Amino acid sequence: MRRALVVAVLLLSFTSVAAAAKPPPFRGSVTALPASLRGTMIGLSWHRGCPVGLDELRLVRARHWGFDGQVHTGRLVVAREVAGPVLDVLRRLYAARFPIRRIVPVDAYGASDFRSIEADNTSAFNCRYVEGTTRWSEHSYGRAIDLNPIENPYVTVAGTTSHPASRRYLRRAPYRAGMAVDGGVVVREFEKIGWGWGGHWSGDRDYQHFSASGR
Ligand SMILES: [Zn+2]
């Protein structure tokens, strides 16, 4: 009798823990850029002369897990033709509870890639040249995403990073939360939509960078 009671109490507590831990369902959407966002972007992440127009871009909104164990809603600006597949990746990262620090358009950082990285912000569209060149970055087309850039730094061939908080992530093992690694969920899910990873480059490596072209 007493054992039955103990079992019943245990079952009840397991049930309530399971109910309390049930996460909110994934939510995500793809829309044209709202007028307010266009207004913010013009003169910052977008200007006349950029290789794609604002009508060719989409806003992906999606729930994601943070490093705080909470659910947040992120906003990512990408090319129209990749918005659906990108939303699929974010859905699968949510299902895997992969933590992402924050996802806001780079305009919040004055379209400064450096400042966005310092905030460990995940971002996509930014009409800018590849560092040190006059060649458009894949980000200028909205076909590249930088994910958790502090945990996943751009590492020069000499093994350095421009961001002090990234120094402890120069070594890619052991695995720590938020990292993109071979065989991990992030690299795997981007591979499923046909995107390449900067962690596979030779020479300088860009562990945060995923792109449709692989460049
Ligand atoms: Zn990038």
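The rules behind these values
- Residues numbered from 1 in each chain as written.
- Predicted model: local features only at pLDDT ≥ 70, side-chain atom pairs only at ≥ 80, totals over all residues.
- Pairing = 2+ DSSP bridges.
- Helix = DSSP H or I, 4+ residues; strand = E, 2+ residues; numbered from the N terminus.
- pLDDT = per-residue confidence, 0-100.
- Buried ≥ 20, exposed ≤ 12 C-beta atoms within 10 Å, placed from the backbone.
- Axes fitted to C-alpha atoms, helices over the stretch in contact; angles between N-to-C directions.
- Contact = placed C-beta atoms within 7 Å.

## With respect to the pairing of strand β3 (residues 71-79)
Logical step 1: Pairing analysis gives nine bridges linking strand β2 (residues 57-65) to β3, with the strands arranged antiparallel. If you follow Ala62 over to β3, its bridge partner there is Gly74.

## Details of the confidence of the model for the protein chain
Reading fine detail from the predicted coordinates is not recommended where pLDDT is low.
Logical step 1: A residue-level look at the protein chain finds 91% of positions with pLDDT of 70 or above and a mean pLDDT of 93.
Logical step 2: Within the protein chain, the element-level pLDDT minimum falls on helix α1 (residues 2-21), averaging 55, and the maximum on strand β5 (residues 121-122), averaging 99.

## Quick look at the environment of Arg48
Logical step 1: Here Arg48 lies in the loop between α2 (35-41) and β2.
Logical step 2: What makes Arg48 exposed here is the crowd of 8 C-beta atoms within 10 Å.
Logical step 3: For Arg48 and Cys127, which are 79 residues apart along the polypeptide, the C-alpha to C-alpha distance reads 10.0 Å.

## A closer look at the sheet that holds β2
Logical step 1: A sheet is described by the order of its strands in space; here three strands give the open sequence β1-β2-β3, paired in antiparallel fashion. Of all strands in the sheet, those with a lone pairing partner are β1 (28-32) and β3, marking the two edges. Pairwise comparison of adjacent strand axes, ignoring direction, gives a mean angle of 20° for this sheet.
Logical step 2: Its contacts with the sheet put helix α3 (residues 83-95) on β1, β2 and β3, and the angle it makes with β2 is roughly 5°.

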